[in-house]
Amino acid sequence: MTELEGVVQTGFDFAALMREHRAMVFSVAYHFLHDRDTAEEIAQDVFLSLHRNRGAIQSAAHAGFWLRKVAVQRAIDASRKRMRRPQVAMDDVPEPVARGAPADPMLGETLRRLIATLPEAPRMVMILRYQEDLDPSEIANLMAIPVGTVKSHLQRSLALLREKLVRRGVREE
Amino acid sequence: MDWLEDELKQALRRKEPSPDFEARVIAAAGRRRPVLSMPPWRAAAAAVLVITGAGAGYRHHQGQIAKEQVMQAMRLTGSKLNRIQMQMKAVRP
């Protein structure tokens, strides 16, 4: 069966799904790992996994949910695999040169690097909240953890980031 | 939403992978398709059939060889018996 015949029979258009979701899948891995090459490997692996499991996909919405869930799992797995490698501590993140203004690229990079140093679960919660704009119950469902834990991770991570940024003089309260 | 949450949304906005990403994935999916299109249970069943079929074929082949050997032995025995019978006839007065 050709790819086109497959689309007609099953409604599964692999190329279209990849165009629609590639940025989401890549960015979940990239923001979680802060490593472009590994993020691309994970994204490729996620889409190949979708291709292998295309028979189980019921709709485009289901594909989106499936891709996000698998991207989260693969990013966490990759992070665990490289746990032995030396990691950058929060205090080692370089000070920004200038004070941040809204959408300041330096502040954005500082934030991404600070997020990359958060522990696994709160890091993924922050990415799903601010990259994917998911609410706590959606994050809880995706990560299979209680909603209360999601809210707690969000509050603590925000407080920690705020404290680090204020200490660095990025923004006054 | 406060300034930090605004900054986080900016910092964590989605990014695109490299331009050749899609082509690489489609090429990799194409390479894997013949193997990946078969469900694991079907692959296992095919392997069992191949092994069983090969075993049956081997046993059949061995049976044929044994049959040939028996037939050859019978032919040799028959010809020897004939020769002995001819010699006995010649010896008799």
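Residues numbered from 1 in each chain as written. Chains lettered and ligands numbered in written order. Predicted model: local features only at pLDDT ≥ 70, side-chain atom pairs only at ≥ 80, totals over all residues.

**Here we look at the nonpolar core**
One recurring pattern in soluble globular proteins is that nonpolar side chains are buried together. Residue and element names in this part refer to chain A. V25 and A29 are the most contacted members of the largest nonpolar core, which has 45 residues in total. Ranked by the residues each element gives to this core, the list is headed by helix α2 (residues 14-33), at 9 residues. Mapped onto the domain boundaries, this core takes at least three residues apiece from domain 1 (3-81) and domain 2 (90-167). Those residues in contact with V25 that sit more than four places away from it in its chain are A43, V46, F47, L67 and A71. (Core = buried A, V, L, I, M, F, W, Y, C linked by C-beta atoms within 7 Å. Buried ≥ 20, exposed ≤ 12 C-beta atoms within 10 Å, placed from the backbone. Helix = DSSP H or I, 4+ residues; strand = E, 2+ residues; numbered from the N terminus. Domains from an automatic or database assignment. Contact = placed C-beta atoms within 7 Å.)

**Observations concerning the interface of chain A and chain B**
Taken together, the contact between chain A and chain B spans 31 residues of the former and 24 residues of the latter. Those elements that provide at least two residues to the side of chain A that touches chain B are α2, α3 (36-52), α5 (105-116), α6 (120-130) and α8 (147-167) of chain A. The element best represented in the side of chain A that touches chain B is α2 of chain A, accounting for 11 residues. Within the side of chain A that touches chain B, the residues separate by chemical class into 18 nonpolar, 6 polar and 7 charged. (Nonpolar A, V, L, I, M, F, W, Y, C, P; charged D, E, K, R; others polar.)

**Describing unusual backbone geometry**
Residues and elements named next belong to chain A. Even without being glycine, H34 reaches a positive phi, approximately 60°. Assignment of secondary structure puts H34 in the loop between α2 and α3. A positive phi angle, near 55°, is found at A144, a position not held by glycine. Tracing the backbone through its elements, the reader meets A144 in the loop between α7 (136-143) and α8. Judged by the 9 C-beta atoms lying within 10 Å of it, A144 is exposed.

**Focus: α8 of chain A**
Helix length check: α8 of chain A (21 residues) gives 30 Å between terminal C-alpha atoms against 30 Å at 1.5 Å per residue, within 8%. Those residues of α8 of chain A not exposed but buried are V150, H153, S157, L161 and L165 of chain A. Mapping the buried residues of α8 of chain A onto a view down its axis gives an arc of 80°, with all of them on the same face. More than 90 degrees from the buried face of α8 of chain A, the exposed residues found are G148, Q155, A159, E163 and R167 of chain A. Looking at the buried side of α8 of chain A, the elements it contacts are α5, α6 and α7 of chain A together with α1 (3-11) of chain B. In the stretch just after α8 of chain A, G169 of chain A is the one whose phi turns positive, near 75°. (Expected span 1.5 Å × (residues − 1). Arc of directions from axis to C-beta.)

Everything listed here is a matter of geometry and, on its own, says nothing about what the molecule does.
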